[in-house]
Amino acid sequence: MGVSHISNRSEKRSERWSRRGVLTVLGVVPAAVLTGCSGSAGAAESASSGGSSSTASAKATKTATVTVSPADGTKKADFTAPVTVAVSDGTLATVKVTGNDGSTLAGTFNDAKTRWTSTKNPYSGTKYTVAAQARGAAAKTVTFTTKSPGETFVGYYTPEANSTSGVGMPVSINFTHAVKDRAAVQKAITVTAEPAVEVVGHWFSDTRLDFRPETYWAAGTKVTLSLRLKDVEGRDGVYGVQSKDVTFHIGRAQISTVDLAGKEMVVKRDGKTLATYPVSGGNAQHTTWSGIMVISERFKQTRMESSTVGLGDEYDISDVPHAQRLTTSGTFVHGNYWASTSVFGHENTSHGCVGLHDAKGANNTSVAGYEFYDSSMLGDVVIVKNSGEKTVAADNGLNGWNLSWADWKAGSAV
């Protein structure tokens, strides 16, 4: 029994320990649960807090990346596309593009200031330096060189720079390659006048473009030809090379009218009669062109051969005095020493030119040929009427004044 009693106490003690264990476990479980909940919430909060901080830090530590096109070091960059600068993870602050010739390329930013594009394309055969900086970042410098075009063209112009011409002088440009894209080429050429007047271009062919106002230039006008042909594609793969301004001036207004029915020429300067000369024009077989003509070349003496104008061997005169060209086809107003003085003012005996009495050697200052030559300049107007011939073609010399203003403007490509 004692044993049994002891056993009971042990069991009770065991039960008590078991209860304590249970209570302890029960006490620990809520604590563990609470700790678990608390720990879980804290972990979540920590994770949330740690994630936000990490993201912000990542964002804060990202560096703006600037990309330039053409890329740094490019040796044969395309010159038919603009220069672009872009940035990721930032905004652009400044962009400057400078050529090795000292020129700069202007450009514009997009609204977000993440992209800059040059307003014009870079020039060919030029080394460029691009200095770009994103806000809060170090500047980036890139260099590239554009390729040179394979084929090029230029425009040879009349009149010469800084020259003084008569009121009939157009601006005439002859291109070394046939132009296919007339609009692109014409847009790259402007002619302006002071005092201002509308000046319009007219294409006579794919190699010739002339400019003129509606009526003759005013005396004293300053005319400026601006060529911006560099890298303009005139035809497939053929690019212009010129970028320059040319200025010339208009002198006094001298207009001479040749009446071949009356066989005389009246010279007027600034509206007043300067001189009247007896002349001899083209005969019935070789009539003189009629219409408005402009003096395009001047020679104190020159050789004239009939073979050069399709007239065989009818004449060859080595020292024609005071010759002034009116047409490409060979019409001149010139001095004549080989015809009798009785011819001038009475007969039309030439092969199409307008002749004035002159002396051999071109040094006699008292003859009509010398006087008219001495009073004239390139660009002066000579009008021929009553010649028995049709009006000269507008492209036969610098004679676009024979076209109406409407017809002239119809020949423009822009």
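Right above here is the structure, for reference.
The model shown is predicted, which means the values in this text are computed figures rather than measured ones. (Residues numbered from 1 in each chain as written. Predicted model: local features only at pLDDT ≥ 70, side-chain atom pairs only at ≥ 80, totals over all residues. Heavy atoms only, no water.)

Chemist: Teacher, can you tell me more about the pattern of salt bridges here?
Modeler: Charged atoms that come close allow side chains of opposite charge to pair. In total, this model carries eight salt bridges according to the counting rule given. Across the pair Arg228 and Asp245 runs a salt bridge, and its minimum N-O distance is 3.1 Å. Residue Arg228 is located in strand β16 (residues 222-228), and its partner Asp245 is located in strand β19 (residues 243-250); the two are separated by 17 residues in the primary sequence. Classification of Asp245 as partly exposed rests on a relative accessible area of 47%. We note a salt bridge from Glu305 to Arg303, for which the minimum N-O separation is 3.8 Å. A relative accessible area of 29% places Glu305 in the partly exposed class. (Salt bridge = Lys/Arg side-chain N within 4 Å of Asp/Glu carboxyl O. Helix = DSSP H or I, 4+ residues; strand = E, 2+ residues; numbered from the N terminus. Buried < 20%, exposed > 50% of the residue type's maximum accessible area, 1.4 Å probe, protein only.)

Chemist: Where do I start with the pairing of strand β26 (residues 332-336) in this structure?
Modeler: Regular strands place their side chains on alternate faces of the sheet. For β26, the buried fraction is high: five of the five residues fall into the buried class. Bridge count for strand β25 (residues 316-325) against β26 is two bridges, and the pairing is antiparallel. Residue pairing in the sheet places Gln324 in a bridge with Val333 of β26. In this structure, the hairpin formed by β25 and β26 is closed by a connection of six residues, where Gly330 is found at a positive phi of approximately 120°. Looking at chain direction, β26 and strand β27 (residues 354-357) are connected through four bridges and run parallel. For His334, the partnering residue across the bridge sits in β27 and is Gly355. (Pairing = 2+ DSSP bridges.)

Chemist: Looking at this model, I keep getting lost on the nonpolar core. Mind explaining?
Modeler: Where a protein is soluble and globular, its nonpolar side chains tend to be buried together. If you look at the biggest cluster of nonpolar residues, it comprises 31 residues, and the most contacted ones within it are Phe175, Val185 and Ile189. Listing elements by their share of this core, those giving two or more residues are β12 (171-175), β13 (189-194), β15 (208-212), β16, β19 and β23 (291-294). With 19 residues, the next largest nonpolar core counts Val87, Leu92, Val130 and Val142 among its residues. (Core = buried A, V, L, I, M, F, W, Y, C linked by side-chain atoms within 4.5 Å.)

Chemist: Can you help me understand the side chain of His286 in this one?
Modeler: Within the secondary structure layout, His286 lies in the loop between β22 (272-278) and β23. Among the residues examined, His286 registers a relative accessible area of 19% and is labelled buried. Other than its neighbours up to four places away in sequence, His286 contacts Leu311, Glu314, Ser350, His351 and Gly352. (Contact = heavy atoms within 4.5 Å.)

Chemist: Sorry if this is basic, but what is going on with the sheet that holds β19 here?
Modeler: By way of backbone hydrogen bonds, the strands of a sheet pair with one another, either parallel or antiparallel. Read from one edge to the other, the open sheet built from four strands follows the order β11-β19-β16-β13, with strand pairing classed as mixed. Two strands lie at the open edges of the sheet, namely β11 (164-165) and β13, each paired on one side alone. Summarising the sheet, β16 and β19 pair through seven bridges and their orientation is antiparallel. By the bridge assignment, Arg228 is partnered in β19 with Ser243.

Chemist: What should I look at first to understand the layout of surface pockets in this one?
Modeler: With a probe scaled to a water molecule rolled over the atoms, the places where space remains empty come into view. When its volume is computed, the largest pocket comes out at roughly 450 Å³. Forming the walls of the largest pocket are 22 residues, and the residues nearest its centre are Val309, Tyr315, Ser329, Gly330 and Thr331. The dominant element in the lining of the largest pocket, judged by the number of residues it contributes, is strand β24 (residues 297-305), at five residues. Tallied by class, the residues present in the lining of the largest pocket amount to eight nonpolar, 10 polar and four charged. Considered as a void within the structure, the second largest pocket measures approximately 370 Å³ in volume. Lining the second largest pocket are 17 residues, with Lys120, Asn121, Tyr123, Lys230 and Asp231 sitting closest to its centre. A breakdown of the residues in the lining of the second largest pocket according to their chemical character gives eight nonpolar, five polar and four charged. (1 Å grid on protein atoms, 1.4 Å probe; cavity = no way out; pocket = protein on both sides within 12 Å on 5 of 7 lines; lining within 4 Å. Points joined across faces, edges and corners; volume = space filled by probe spheres on them. Nonpolar A, V, L, I, M, F, W, Y, C, P; charged D, E, K, R; others polar.)

Everything listed is a geometric property; what it means functionally is a separate question.
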